[in-house]
Structure formats: structure tokens, C-alpha cells
Amino acid sequence: MTDVGEEAAAGTPEPLLDCTDVSISFRQRGSSTPFYAVRDASLRVGPGDIVGLVGESGSGKSTLARAVVGLQRIDSGSIVFEGKRFGRSRTAEDRRGIQMIFQDPYGSLDPRMKIRSALAEIIRRHTELRGKQIDDRCAELMDMVRLPRSILSSRPAGMSGGQRQRVAIARALSIRPRLLVADEPVAALDVSVQAGIVNLLSDLRRDVGLSILFISHDLSIVRTLCDSVSVIYRGDIVEARPCAELFEDPQSDYTRTLLSAIPRLNGPRTEGLAQGQSLTVRRP
Ligand SMILES: Nc1ncnc2c1ncn2[C@@H]1O[C@H](COP(=O)(O)OP(=O)(O)OP(=O)(O)O)[C@@H](O)[C@H]1O
């Protein structure tokens, strides 16, 4: 096995996140045989990378993502983040490094709480900032996610889906994670709103060096946003390659099936997201 020193000397950066042979099972009612939702899955995210994780419904994407953030126990394998292997429990510092956003941002936002209070609470809990420093940080976060600062005085209930997802991103960023796990973050949004969120994630990688594990069943978005992509099928990662290579020359039968099921992918990179609408992502 190559050690980190040799890798660095060879010019290969140490991955930020390195999952190796991760298996996750659930008990099945009425059976003594466990059901493996994830089986020997390996996944790497480099510093500043956006990695897509794609697969059909029930293939194990969310289960693996939850394991990465520490919400799901793993049976075997390892999850190493910034060179540290996570054990059964994680420290507060471990948890700070990886934050997650979900398809439904309501899940992480208290509908009764003003955005300023929700952000202030998490900033106070996880950082040394106090008083005006917290106000300044809240304002800065609104700028980062391109929301007007006046939103800080609103409650989630009065906001659009896209605004709520931006607030969820601001909340995740408030404690300066190095990795954002985004589980279907645009699946519930209108196509026009999706493009704004995808552009925002791309800009956050460029502006603050955020690394992203982007989970989606929408291959056209993954192709537009991600540097590399892992394809998961029934808990197995069947292919993991740079995006351009995978879309041009898929190696596994399952990836070929996924791609052929979406004829619009045969068009140019930014065309045809849905019925003539285009998803234009600004590249750094
Ligand atoms: N807590 C659980 N108990 C039992 N089975 C579970 C549990 N969580 C997930 N599963 C099963 O594990 C498999 C993978 O589910 P998972 O949610 O990870 O898939 P997914 O690829 O994220 O699907 P989707 O795109 O529909 O969200 C599914 O068969 C699901 O029913």
C-alpha cells in the first residue's frame, strides 16, 4: 500500500474523504438474513472535488451518504476523513467537518424559527463567535448563498422551496465544513430553480473550496456539475470515473442502461434538461 508521503511525492493528493469497502445491512422482518443496502462500496472525494453518486431509487445512495455523515452505522469497511478513520462515535470536531443537506430542506429547519435565530443557534453551539460577530456571520452567509439579508428576519414557512434550500445550505456552511453531502438537493425544485442551486454549489466550490458529494438520480445535472461520478447499483459501486469519461464511454452494463434510458443526454452538455430548458452552469 502506498503511504501518504509517497502519494504526495507522486503528485496524487490525499483524498478528503476515503470510504473503503463499506457494507451496511438492515434486519429484515421475519428473516434471519440481513439485507445489504450497501456492499463493499468504495468512494473517494478529493479536496475541492464535486463527486456525483448516482443510481436508481433504492440503490443505497442515501444509506451510504448517511454513513459518511455519521447518521448510519456501518457493518464493515472504513470511512476516513482528512486522514482520520472514524470509529463508532464521532467527536464534535468530526461532525463539523461534514455537513449534509437534503431534498426537503424543511427537515433541517424549524418552521417557527426566524432564519437569524436558527443560524445563530448553530453558530453559537459550534464556534467561539458571539454577539455582533454572529450577526456579521449570518449576513455573510446570506451573501454566500445569494439571498437578501432581509431573509434573516423571515421564517421558513413564508419562503419558496429554492430560498429554503439556500437557507439549508447557509446553515450547513455556518460551521465551515470541508465536505458537503447533498442528498438530492434539487429533486423537489422547479427546473428553473434547480439551475440556481446547482450554480450556487459550483460557485461555493470555487469561492470557498467546498468539496461536495452530490447524490442524484438526475444524470443530466450530475454531468453538468460533477468532476467524477460513482454509479451504485443494488448497493454495489459498479463504476467510478471522471464524469467526461463515464458519459462518453460507460464501462458497466448498468451504467449503459442508465444512460440509454435518458436520450436527452446524447445532446450537447448544457442542452435539454427538460423540454427545451437548459441548465447552464458557470464553470470556474
Ligand atoms: N432503516 C432502514 N431499515 C431497513 N431498510 C432500509 C433502511 N434504510 C434504507 N433501507 C433500504 O435500503 C435500500 C437502499 O435505500 P436508500 O434510501 O439508501 O436508497 P436510495 O438509492 O437513496 O433511494 P432513493 O433514491 O429512493 O432515495 C432500500 O431497499 C431501502 O428500503
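Source: prediction; values computed, not measured.

**Q** Explain the overall build of the protein chain here, please?
**A** Scanning the protein chain for helices and strands turns up 10 helices and 10 strands. Long-range pairs, those at least 24 residues apart, make up 67% of the contacts in the protein chain with a sequence separation of at least 6.

**Q** Can you help me understand unusual backbone geometry in this one?
**A** Among all residues save glycine, negative phi is the norm, and among peptide bonds the norm is trans. The backbone of Asp21 sits at a positive phi, close to 50°, despite the residue not being glycine. Relative to the helices and strands, Asp21 resides in strand S1 (residues 17–26). One non-glycine residue, Glu184, lies in positive phi territory at about 50°. Given 18 C-beta atoms within 10 Å, Glu184 falls into the partly exposed group.

**Q** Could you clarify how one ought to interpret the sheet that holds strand S2 (residues 35–45) in this entry?
**A** Paired through their backbone hydrogen bonds, the strands of a sheet run either parallel or antiparallel. Taken together, the four strands give an open sheet; going across it, the order is S2-S1-S4-S5, and neighbouring strands pair in antiparallel fashion. Lying at the two open borders of the sheet, with one neighbouring strand each, are S2 and strand S5 (84–85). When S1 meets S2, the two strands line up antiparallel, connected through seven bridges. Residue pairing for S2: Ile24 is matched across the bridge by Val38. The strands touched by helix H2 (residues 61–69) within the sheet are S1, S2 and strand S4 (76–81), with S1 carrying the most contacts at an inclination of about 120°.

**Q** Would you mind showing me how to read the confidence of the model for the protein chain here?
**A** Predicted coordinates in regions of low pLDDT should not be interpreted in detail. Across the protein chain, pLDDT averages 88, with 88% of residues at or above 70. Across residues 1–9, where pLDDT falls below 50, the model places four contacts with residues more than four positions away in sequence or in other chains. Across residues 265–281, confidence stays below pLDDT 50; counting only partners more than four residues off in sequence or on other chains, it has 32 contacts. Of the two predicted TM-score estimates for the complex, the pTM is 0.89 and the ipTM is 0.97.

**Q** What's the story with helix H4 (residues 115–126) in this structure? I'm lost.
**A** Residue pairs three or four apart in sequence face the same way in an α-helix, which turns once every 3.6 residues. The terminal C-alpha atoms of H4 lie 17 Å apart, and with 12 residues this matches the ideal 16 Å at 1.5 Å per residue to within 8%. Listed in full, the buried residues belonging to H4 are Ile115, Ala118, Leu119, Ala120 and Ile123. Where H4 is buried, its residues contact helix H5 (132–144) and helix H6 (161–173).

**Q** Just to check I follow, could you spell out the sheet that holds strand S9 (residues 228–233) for this structure?
**A** Reading across from one edge, S6-S7-S8-S3-S9-S10 is the order of the six strands in this open sheet, with mixed pairing throughout. The open sheet is flanked by strand S6 (98–101) and strand S10 (236–242), the only strands paired with a single partner. Taken over all neighbouring pairs, the strand axes of this sheet differ in orientation by 15° on average, direction set aside. Sheet topology places strand S3 (residues 50–54) next to S9; four bridges connect them, and they run parallel. Paired with Val51 across the two strands is Ser228, which belongs to S9.

**Q** What is the right way to read the UniProt feature "domain: ABC transporter" (unreviewed entry) in the protein chain from this model?
**A** Taking the UniProt record as the reference, the feature "domain: ABC transporter" (unreviewed entry) is found at residues 17–259. Its end C-alpha atoms 27 Å apart, residues 17–259 is made of 37% helix and 26% strand.

**Q** Even after reading the chapter, I still don't get the packing of H4 against H5, so can you show me in this structure?
**A** Angle between the axes and distance between the axes are the two parameters that describe a pair of packed helices. As a packed pair, H4 and H5 sit with axes 10 Å apart at the nearest point and diverge in direction by 115°. The handedness of the crossing between H4 and H5 comes out as right-handed. Contacts between H4 and H5 pair Arg116, Leu119, Ala120, Ile123 and Arg124 from the former with Ile134, Arg137, Cys138 and Leu141 from the latter. Residues of the contact of H4 with H5, tallied by class, amount to six nonpolar, no polar and three charged.

**Q** In this structure, what is going on with the nonpolar core? I would like to understand it.
**A** Grouped together as the largest cluster of nonpolar side chains are 72 residues, with contacts concentrated most on Val22, Val68, Val181, Ala182, Leu213 and Phe214. With six residues, the single largest contributor to this core is H6. What Phe214 contacts, discounting residues up to four positions off in sequence, is Ile50, Val51, Gly52, Ala182, Val222, Leu225 and Cys226.

**Q** Just checking my understanding: could you explain the environment of Leu16 for this structure?
**A** Looking at the element boundaries, Leu16 is found in the loop between helix H1 (4–9) and S1. For Leu16, a count of 22 C-beta atoms within 10 Å gives the class buried. Through-space distance from the C-alpha of Leu16 to that of Arg155 is 35 Å; in sequence the pair is 139 residues apart. In contact with Leu16, not counting residues within four places along its chain, are Val45, Gly46, Pro47, Phe81, Glu82, Arg178, Leu179 and Ser211.

Each value, and the rule that gives it
Residues numbered from 1 in each chain as written. Predicted model: local features only at pLDDT ≥ 70, side-chain atom pairs only at ≥ 80, totals over all residues. Helix = DSSP H or I, 4+ residues; strand = E, 2+ residues; numbered from the N terminus. Contact = placed C-beta atoms within 7 Å. Buried ≥ 20, exposed ≤ 12 C-beta atoms within 10 Å, placed from the backbone. Pairing = 2+ DSSP bridges. Axes fitted to C-alpha atoms, helices over the stretch in contact; angles between N-to-C directions. pLDDT = per-residue confidence, 0-100. Expected span 1.5 Å × (residues − 1). UniProt positions renumbered as here; feature names shortened; annotations may be inferred. Left-handed = near helix turned anticlockwise from the far one by under 90°. Nonpolar A, V, L, I, M, F, W, Y, C, P; charged D, E, K, R; others polar. Core = buried A, V, L, I, M, F, W, Y, C linked by C-beta atoms within 7 Å.

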